[in-house]
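Listed below are the residues making up each chain.
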Amino acid sequence: MLRRTLLPLAAVLLALWLWLGATPSDGPVVRTALVMGTLVEIKAYGADPNRLDTAITEAFAEMARLEQLFSAHLEQSEIRQLSAARGVRTVSSEVAELLILGQMVARRSQGAFDMGLGRLVALWDLQSESPKVPSGEQIGAALRGTGPESLTINGQQVKKTDPALQLDLGGIAKGYAVDRAVAVLRQAGVKSAAVNAGGDIRLLGDRLGEDWRIGIQHPRKAGEVMATIALRDRSVVTSGDYERFFEQDGRRYHHLLDPRTGYPARGCQSVTVIAGDAALADALATAAFVLGPRAGLALLERMTDVEGFVITDDGQRLVTTGLDGQLQWF
Ligand code: AMP
Ligand code: MG
């Protein structure tokens, strides 16, 4: 029997977005919008609410603009055009920047992170009403031509080695958009803000002179926080097998696909990464999840200025050395 389970988005956001402590008297301006298929919340503190509101409007507009470039669903997006292209194609500076960062993570993760899995992602079609496990033959066909060498990037010139390669930036684009939203807020003079795109979070400055306290979603208890962490001026991104999945014959099939097998990666329930940039944290969380607990944690340890933790499939917590003792567990 096929059972499709999706956590209500609102519950996830609520859990991820716990502000502990007293509500300040000069409250923040908080707004939400649906961007990149995700409910995005921007919260900003400052003396002039009108100015904050205008800055938030600009930040959402920037995220919506980037969605037009990066989406695998919008027919006119640059990524769709690149997927359809043969030969060398010139891309925007934003797409080039994102592809270069993604390629770096692809190499550092020995190909576990792969932006060329568009055919495989479409085959599993986790977003559909009744997803099914594809046949081995279909999976083999969808994997053909993928791998870290499948894209050549030279400045803004991009070439796919295999013309049939289809790009999917689902593992990194949201983080990139969060970074850009924060850049827009900063340019508008905002000193204290948090942008949360469905669990991809970046913090600008502090919160009323204190660290922000971020709640991390429990991978097996919907709407419950597993741990909190106090941070400022950092990004926190979680990849989990609970975000999008279905169950068949007692097995969970989720959206984090292992390019080595073509099947959902096994071994982790979730991976949380803390880094300066949300785009890097986003790509690394996906990469570490796909690598599995030990190799995933080792990847996070190898990266400079990156911390994180893994929840294994049997609920164990593996924490990078630099983060040890800084998490409050529930
Ligand atoms: P995230 O929620 O950031 O971990 O990204 C998950 C999304 O990334 C999926 O829904 C796919 O669109 C895409 N994806 C799945 N597997 C991979 C992979 N191995 N490398 C890169 N992107 C992936
Ligand atoms: Mg990711």
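Below is a summary of the structure that appears in this document. Only a predicted model underlies this, so the values are computations on that prediction, with no experimental measurement involved.

**Here we look at the site of ligand 1**
Here comes step 1: In the vicinity of ligand 1, 17 residues are found, and the nearest of them are Asp-168, Ser-239, Leu-257, Asp-282 and Thr-286.
Here comes step 2: The fraction of the free accessible surface of ligand 1 (500 Å²) that becomes covered by protein chains is 95%.
Here comes step 3: Looking at the shell around ligand 1 element by element, the count peaks at three residues for helix H8 (residues 278–291).
Here comes step 4: Within the shell around ligand 1, the residues separate by chemical class into eight nonpolar, five polar and four charged.

**Comments concerning the pairing of strand S15 (residues 307–312)**
Here comes step 1: With five of its six residues buried, S15 lies for the most part within the structure.
Here comes step 2: Relative to strand S16 (residues 317–319), S15 runs antiparallel, the two sharing three bridges. Across the sheet, the residue bridging to Phe-309 is Val-319, located in S16.
Here comes step 3: In this antiparallel pair of consecutive strands, S15 and S16, the connection spans four residues, and Gly-315 shows a positive phi of 85°.

**Quick notes on the coordination of the magnesium ion (ligand 2)**
Here comes step 1: Surrounding the magnesium ion (ligand 2) are the protein donor atoms Gly-171 (O), Asp-282 (O), Asp-282 (OD) and Thr-286 (OG1), which sit 2.0 to 2.4 Å from the metal.
Here comes step 2: For the magnesium ion (ligand 2), the donor residues sit on a single chain with the sequence spacing G-x110-D-x3-T. You can see Asp-282 and its partner Thr-286 sitting in helix H8, four residues apart, about one turn around the helix.

**Quick word on unusual backbone geometry**
Here comes step 1: Non-glycine residue Met-36 carries a positive phi angle of around 55°.
Here comes step 2: Relative to the helices and strands, Met-36 is located in the loop between strand S2 (29–35) and strand S3 (38–45).
Here comes step 3: In this structure, Gln-110 takes a positive phi of about 50° despite not being glycine.
Here comes step 4: Along the polypeptide, Gln-110 turns up in the loop between helix H4 (93–108) and helix H5 (118–124).
Here comes step 5: Assessed through its relative accessible area of 60%, Gln-110 is described here as exposed.

**Section: the packing of aromatic side chains**
Pairs of aromatic rings are described using the distance from one ring centre to the other and the angle between the two planes.
Here comes step 1: Tallied over the full model, the rule gives six aromatic pairs.
Here comes step 2: Seen in terms of ring centroids, Tyr-45 and Trp-212 are 5.8 Å apart; in terms of plane orientation they differ by 55°. Their pairing is tilted. Note that Tyr-45 is positioned in strand S3 and Trp-212 in strand S9 (residues 212–217), a separation of 167 residues in sequence.
Here comes step 3: Residue Tyr-45 is classed as buried on the basis of its relative accessible area, which comes to 7%.
Here comes step 4: On the accessibility criterion, Trp-212 (0% relative accessible area) is buried.
Here comes step 5: Between Phe-309 and Trp-329, the aromatic rings sit 5.2 Å apart at their centres with planes inclined by 75°, giving edge-to-face as the arrangement. Placement of Phe-309 in strand S15 and of Trp-329 in strand S17 (residues 327–329) is noted, with a sequence separation of 20 residues between them.
Here comes step 6: On the basis of relative accessibility, which here comes to 1%, the residue Phe-309 falls in the buried class.
Here comes step 7: Given the relative accessible area of 25%, Trp-329 is considered partly exposed.

The rules behind each value
Residues numbered from 1 in each chain as written. Chains lettered and ligands numbered in written order. Predicted model: local features only at pLDDT ≥ 70, side-chain atom pairs only at ≥ 80, totals over all residues. Heavy atoms only, no water. Near = heavy atom within 4 Å. Areas by Shrake-Rupley, 256 points an atom, 1.4 Å probe, with all protein chains shown as cover. Helix = DSSP H or I, 4+ residues; strand = E, 2+ residues; numbered from the N terminus. Nonpolar A, V, L, I, M, F, W, Y, C, P; charged D, E, K, R; others polar. Buried < 20%, exposed > 50% of the residue type's maximum accessible area, 1.4 Å probe, protein only. Pairing = 2+ DSSP bridges. Donors = N, O, S within 2.8 Å, 3.2 Å for Na, K, Ca; no water. Phe/Tyr/Trp six-rings, centres within 6.5 Å; stacked < 30°, edge-to-face > 60°.

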